[in-house]
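Listed below, chain by chain, are the residues.
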Amino acid sequence: MSRRASLPGASELFRLTSTPSPDSARPAEAPRPGTEGRREQLGRDGAARRGSGRQKHDSKITVYVSGEELVAMEQARLALRATYGLAIDRGRLVREAVAVLLADFEQHGSESVLVQRLREGQLDIEEASGS
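Residues numbered from 1 in each chain as written. Predicted model: local features only at pLDDT ≥ 70, side-chain atom pairs only at ≥ 80, totals over all residues. Heavy atoms only, no water.

Below, the discussion takes up the overall build of the protein. Helix and strand counts for the protein stand at 5 helices and 0 strands. Helices and strands appear in the protein in the N-to-C order α-α-α-α-α. The proportion of buried residues among the 131 residues of the protein is 11%. Put simply, 53% of the contacts in the protein that link residues at least 6 apart link residues at least 24 apart. A total accessible area of about 11,600 Å² is found for the protein, and carbon and sulfur atoms account for 54% of it. (Helix = DSSP H or I, 4+ residues; strand = E, 2+ residues; numbered from the N terminus. Buried < 20%, exposed > 50% of the residue type's maximum accessible area, 1.4 Å probe, protein only. Contact = heavy atoms within 4.5 Å. Areas by Shrake-Rupley, 256 points an atom, 1.4 Å probe, with all protein chains shown as cover.)

With the rule as written, the count across this model stands at 3 salt bridges. R77 is the partner of E74 in a salt bridge, and the nearest nitrogen-oxygen pair spans 2.9 Å. Here R77 and E74 lie together in helix α3 (residues 67-84), a separation of 3 residues that amounts to about one turn. Under the relative-accessibility criterion, E74 is labelled partly exposed at 22%. Two residues, E96 and R92, come together in a salt bridge whose shortest N-O distance is 3.5 Å. (Salt bridge = Lys/Arg side-chain N within 4 Å of Asp/Glu carboxyl O.)

Written out as structure tokens, the structure reads:
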């Protein structure tokens, strides 16, 4: 007889116990004030690119962020949970943000948010170095 305890696996712990009913669907959230037009600005209107979501990923990168950026990311993650009921981890948040920026870049090229922000950052560096 084995002295080890027999514990359930992850598939048993996290399995669905019921199917969602149409009555349990959440009502659509009203947009927050000041966010009108953000979808169009970020290129999400009809863009096919999406974050990869919750799945096993084959590749990994390490990105260093400032303490301020990490706090902002955590606040966004908590706001998504509190306001919209979206419980996501930081990795999912980053993957979605990257997907949005890349879709905008593909759609708008030199006029994309990414190119504009990188150009602004380059100008700041050049001004600081006196060039």
